[in-house]
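What follows is each chain in one-letter form.
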Amino acid sequence: MHADAVRDRAADARTRPDADVIVVGAGPTGLLLGAELALGGVRVQIIERRATAQRDSRALTLHPRSIELMDQRGLVERFLARGRPVPGWHFAGLDTPLDFSALDTRHGYTLFLAQARTEQLLEERARELDVAIRRGHEVVGLRQDAGDEEAGDGGSGAGGVEVDVRGPDGVVETVRARYVVGCDGGRSVVRRAAGIGFPGTDETLSGALGDFATVDPAALDRARAHGVLAVPLEPADTDTGTGTGTDDPAAGRTGGLTRIVLLDPQRMRTPAAEPVTLDEFRDSLLRICGTDCGVAGPRWLSRFGNATRLAARYRAGRVLLAGDAAHIHFPAAGQGLNTGLQDAMNLGWKLAAEVNGWAPPGLLDSYHAERHPAGQAVTENTEVQTLLAELTLLPSYQRPAAALRTLMAGLLGIEEVNRRLAGMISALDTGYPPADAGAHPLVGRRMPDVALTAAGSAAVRVYELLPHGRFVLLDLAGDDEMKRAVDTGWGPRVAALTVTGHDSRADLDGVREILVRPDGHVAWATCTTDVQTRRAERARALADWAGIPAGEEHLVRG
């Protein structure tokens, strides 16, 4: 018996995964996903081919919904302390700005924040949760045994993923996990290895960007009047390499860098892979606005294209995709990084539930069902914005294109039109259609961050209840049995709160109970007044979203 036990333990050691989940890519999406998985009690490794953190920042913005996500996890003050709020934003660079401040949110602004800083803050969060981040390691192969996963077994079936990882010394090791998530960008190795298609359109247009230590401040307004984007980046920082460490306004140096982005009609067909030179950038500025803006001391020069693709599936067995691995597009209105963060927030708690064995059937598949349409909406609106910009650069279309843009700018002056496009770009209008057509209108929408008071506690906001990544059940009707029933059956997964008062809102009129998902969307809401009927509805909703209650697992196993 002793020899058998030793052999069994040895076999377990050989087959036990090295991690529950391997996340490939330590960009914003991968770092947030790693943190969300760790918050759900999952053993996670992040594998990143770069040996050091990225210093250059293609993305510069966090839009309102992404800021809300940081608020929900108690991180928002870290980001606000380093970023610069901007209330107005744009659609296709039209003259009439989008008014984020008019939207139903406490964060009605875009936060200018360099991607390098966003990654630094998210890495801090991941490390606080003991996420292992392996830099200088590259995924070179992947094989999966899906087991019963493709049949939607809720995580009970055998199976796993083997990932071949090449380390800094060139040695390839095989790392085992139950799941792998590709957050490794548009050229995703994970996506290709999983055989997931990436249909879309090839690049036909490119723009250029540069981060400059020196500019002529007096010339920047002239450049902006000709459609050139010119924005200051944050001051110098020795941790991330952002900025210049100098401050001489007379020489155009203000302690940081200035980002300039342009579309040059004579260079817009240049392949994005072709390097940008300082002379080329100066020539483009001269052609576009009659001045080179005194640009000097480039810290980074790059080109970007309008290739637009959307993964055919966000899940193939035990392999999933998020961020640019799932969708790429022209950086119109700065939506790419934000869409990836929202992918991560949607996936993290669902995958943690699957790993931990309590996910109800179909929960993990709902990631594709919810986020693929969101990715499609972003790829489509960026194609529209890109076309509106490109037409003005083509001589044969310049006159009608200018008229079209004037018309569109006028339409954006209509409050409802502005609100509609602002909701789209900010992602505040992102909702997930409920399975039940008769569900309350709140279901699937983001939960508004209403102020409320609870029995025995001071006033709080809804988002202040979400940092632990659990469901939150709000009882607005005062059912004495609710908290005991929830704590007994779903305690570790659901926080129950009896609400004694809350902000007055039309969308909450008559609502008796609301179940808020870990990602801040509404899973269930009811206006049912009969207590017994409502308790039955609540039990079904909790089982549908938070799994079988404790002590009843045997009913599922039969």
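Scope of this entry: the structure provided in the associated data block. Position numbers for residues count from 1 along each chain, tracking the sequence in the order it is written. Residue-level local features of this predicted model are given only where pLDDT is at least 70; pairs of side-chain atoms are given and counted only at 80 or more, and the full residue set underlies all totals for whole chains, interfaces and linings. Hydrogens are left out, water is left out, and the side-chain values use all remaining heavy atoms of the structure.

Some words on the overall build of the protein
This is how the line gets drawn: Strands are runs of DSSP state E lasting at least two residues, helices are runs of H or I lasting at least four, and both sets are numbered from the N terminus onward. Accessibility here uses a 1.4 Å probe with only protein chains present; expressed as a share of the type maximum, an area under 20% marks a residue as buried, one over 50% as exposed, and anything in between as partly exposed. Note on contacts: a residue pair qualifies if any of its non-hydrogen atoms lie within 4.5 Å across the two residues.
The helix and strand tally for the protein stands at 15 helices and 28 strands. Looking at the protein as a whole, 53% of its 558 residues are labelled buried. Counting contacts in the protein only where the partners sit at least 6 residues apart, residues at least 24 apart contribute 72% of the total.

So, the nonpolar core
For clarity, the threshold we go by: Put simply, a nonpolar core is a bunch of buried Ala, Val, Leu, Ile, Met, Phe, Trp, Tyr and Cys residues held in one set by side-chain atoms that sit within 4.5 Å of each other.
Core analysis: the biggest nonpolar cluster contains 68 residues, and Val 21, Ile 22, Phe 79, Val 181 and Leu 351 have the highest contact counts within it. Ranked by the residues each element gives to this core, the list is headed by helix H9 (residues 336-356), at 8 residues. Ignoring anything within four residues of it in the chain, the contact list for Phe 79 reads Leu 62, Met 70, Leu 111, Leu 113, Thr 118, Leu 121 and Leu 122.

Concerning the sheet that holds strand S3 (residues 61-62)
In plain terms, the rule: Between any two strands, pairing holds if DSSP finds at least two bridges.
Read from one edge of the open sheet, 3 strands run S3-S7-S4, paired in antiparallel fashion. The open sheet has two edge strands with one neighbour each: S3 and strand S4 (84-86). Judged from the 2 bridges that link them, S3 and strand S7 (residues 110-112) form a sheet pairing that is antiparallel. Looking at the pairing, Thr 61 lines up with Phe 112 of S7.

Regarding the layout of surface pockets
This is how it is decided: Lining residues are those with an atom within 4 Å of a point, where the points come from a 1 Å grid over the protein atoms alone and group into cavities, where a 1.4 Å probe fits but cannot get out, or pockets, open sets with protein on both sides within 12 Å along at least five of seven lines. Grid points are joined across faces, edges and corners, and a volume is the space filled by probe spheres set on the points. Side-chain classes are defined by residue name, with Ala, Val, Leu, Ile, Met, Phe, Trp, Tyr, Cys and Pro counting as nonpolar, Asp, Glu, Lys and Arg as charged, and the others, Gly among them, as polar.
In this model, the second largest pocket occupies a volume close to 580 Å³. What lines the second largest pocket is a set of 25 residues, among which Ala 435, Asp 436, Val 443, Ala 523 and Trp 545 lie closest to the centre. Across the lining of the second largest pocket, the residue classes break down as 14 nonpolar, 5 polar and 6 charged.

Considerations on the pairing of strand S28 (residues 522-526)
Across the 5 residues that make up S28, a large majority, 5, are buried. Alignment of strand S27 (residues 513-516) against S28, held across 4 bridges, turns out to be antiparallel. Bridging from a neighbouring strand, Leu 515 pairs with Trp 524 of S28. Hairpin connection from S27 to S28: 5 residues lie between these consecutive antiparallel strands, with Gly 520 at a positive phi of about 90°.

Quick word on helix H3 (residues 64-72)
Most of H3 is tucked away: 9 of the 9 residues are buried. Those residues of H3 that fall on the buried side of the exposure criterion are Pro 64, Arg 65, Ser 66, Ile 67, Glu 68, Leu 69, Met 70, Asp 71 and Gln 72. Immediately beyond the C-terminal end of H3, within one or two residues, lies Gly 74, with a positive phi of roughly 75°.

Section: the sheet that holds strand S19 (residues 308-310)
The sheet built from 3 strands is open, its strands ordered S12-S19-S22 with antiparallel pairing. The strands lining the two open edges of the sheet, one partner per strand, are strand S12 (200-201) and strand S22 (327-328). As defined by bridge partners, S19 adjoins S22 across 2 bridges and the pair is classed as antiparallel. Paired with Leu 310 across the strands is His 327, a residue of S22.

Side note on the pattern of salt bridges
Here is the rule we go by: The salt bridge criterion pairs a side-chain nitrogen of Lys or Arg with a carboxyl oxygen of Asp or Glu, the two atoms within 4 Å.
Applying the stated criterion across every chain yields a total of 41 salt bridges. Note that Glu 274 is salt-bridged to Arg 267, the shortest N-O span being 3.2 Å. The salt bridge partner of Arg 445 is Asp 507, with a shortest N-O separation of 3.3 Å. Note that Arg 445 is positioned in the loop between helix H12 (415-426) and strand S23 (451-454) and Asp 507 in the loop between strand S26 (494-502) and S27, a separation of 62 residues in sequence. Of the residues examined, Arg 445 reaches a relative accessible area of 34% and is grouped as partly exposed. Residues participating in the shared-partner salt-bridge network are Asp 71, Arg 106, Asp 449, Arg 461 and Glu 464.

Description of the packing of aromatic side chains
Any pair of aromatic rings gets described here by the distance separating the centres and the angle formed by the planes. Selection rule: Only the six-membered ring of Trp is used, alongside the rings of Phe and Tyr, when aromatic pairs are assigned; centres must lie within 6.5 Å, and planes under 30 degrees apart are stacked while those over 60 apart are edge-to-face, with the rest tilted. Charges are assigned to positions over rings by a cutoff of 6 Å between ring centre and Lys NZ or Arg CZ, combined with an angular limit of 35 degrees from the ring normal.
Tallied over the full model, the rule gives 6 aromatic pairs. Measuring from centroid to centroid gives 5.7 Å for Tyr 314 and Tyr 367, while their planes differ by 45°, and the two rings are tilted. In this pair, Tyr 314 sits in the loop between S19 and strand S20 (315-316) while Tyr 367 sits in helix H10 (residues 365-391), placing the two residues 53 residues apart along the sequence. Taken as a pair, Tyr 314 and Tyr 367 share a single burial class, namely buried. For the pair Trp 349 and Trp 545, a centre-to-centre distance of 6.5 Å together with 35° between the ring planes defines the contact as tilted. Here Trp 349 is found in helix H9, whereas its partner Trp 545 is found in helix H14 (residues 531-546), with 196 residues between them in sequence. The exposure classification of Trp 349 matches that of Trp 545, with both residues buried. Pairwise contacts between aromatic rings join Trp 349, Phe 471 and Trp 545 into one cluster. When the ring centre of Phe 198 is taken as reference, the NZ or CZ atom of Arg 191 above it lies at 3.6 Å.

What about the state of the cysteines?
Here is the rule we go by: Pairs of cysteine sulfur atoms within 2.5 Å are identified as disulfides in what follows.
Under the criterion given, the structure shown has 0 disulfides. Left unpaired, Cys 293 is separated from the closest cysteine sulfur, that of Cys 289, by 4.5 Å. Using a relative accessible area of 0% as the deciding quantity, one classes Cys 293 as buried.

Quick notes on the side chain of Lys 350
Quick reminder of the rule: Polar contact is the term for a pair of N or O atoms within 3.5 Å; when the atoms are in protein, one must be able to donate a hydrogen and the other to accept it, and sequence-neighboring residues count only if both atoms are side-chain atoms.
Within the fold, Lys 350 resides in helix H9. On the basis of relative accessibility, which here comes to 0%, the residue Lys 350 falls in the buried class. In this structure the side chain of Lys 350 is engaged in a polar contact, spanning 2.9 Å, whose partner is the side chain of Ser 366. If we ignore the near neighbours within four places in the chain, the residues touching Lys 350 are Leu 363, Leu 364, Ser 366, Tyr 367, Glu 370 and Arg 517.

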